[in-house]
Amino acid sequence: MDQIFAILGFVGFILNFTKWRNKTSITILSFLFMLSPLISRMIQTPIELFDYAAFKIPVFVFIIGYSIFIVLNLRNKKLQAT
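Rules behind the numbers
Every chain's residues receive numbers from 1 upward, in the order its sequence appears when written. Totals for whole chains, interfaces and linings use all residues, but because this is a predicted model, local features are given only for residues with pLDDT of at least 70 and pairs of side-chain atoms are given and counted only at 80 or more. Only hydrogens and water are set aside when side-chain values are computed; all heavy atoms of the structure are taken into account. A pair is scored as a salt bridge if a Lys or Arg side-chain nitrogen falls within 4 Å of a carboxyl oxygen belonging to Asp or Glu. Segments assigned H or I by DSSP are reported as helices when at least four residues long, segments assigned E as strands when at least two residues long, and all are numbered from the N terminus. Nonpolar core, defined: a set of buried Ala, Val, Leu, Ile, Met, Phe, Trp, Tyr and Cys residues in which side-chain atoms within 4.5 Å join the residues together. Residue burial is assigned from relative accessible area. The probe radius is 1.4 Å, only protein chains are included, and a residue is buried under 20% of its type maximum, exposed over 50%, and partly exposed in between. Here, residues are in contact when the closest pair of their heavy atoms is within 4.5 Å.

**Q** What am I meant to see in the pattern of salt bridges here?
**A** When their charged atoms lie close together, side chains carrying opposite charge are able to pair. Throughout the structure, instances matching the rule amount to 2 salt bridges. One salt bridge in this structure joins Arg-41 and Asp-2, with 3.1 Å as the shortest N-O distance. A residue pair is termed long-range when its members are at least 10 positions apart, and Arg-41 in helix α2 (residues 24-44) and Asp-2 in helix α1 (residues 2-15) qualify at 39 residues.

Printed below as a string of structure tokens:
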């Protein structure tokens, strides 16, 4: 089961290097695919095992950073449309 989520995470990573990376739907799908292994692991193991700064800080930086990328991508498309 873990291998499926690892493959999804890898597919999400690869989507960042395709010509479709600036499409909003592909960007969101890539983000969800890259989060899927993490979410799977957090569901399978007790949440207390993830309660340390060396885990939390990179995860929050990734989530916030990629969310900002999605918002900027949407904003850029809106500006190009006008």
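Having seen the structure, we can now continue with the description.
**Q** Whenever I open this one, the nonpolar core confuses me. Can you help?
**A** Soluble globular proteins tend to pack their nonpolar side chains together in the buried interior. With 5 residues, the main nonpolar core is built from Phe-31, Met-34, Leu-35, Tyr-66 and Ile-70. Those elements that place two or more of their residues in this core are α2 and α3 (53-81). Looking at this core, the element that brings in the most residues is α2, giving 3 residues. Setting aside anything within four residues of it in sequence, one finds Phe-31 in contact with Phe-62, Ile-63, Tyr-66, Ser-67 and Ile-70.

This is a description of form; function is not addressed.
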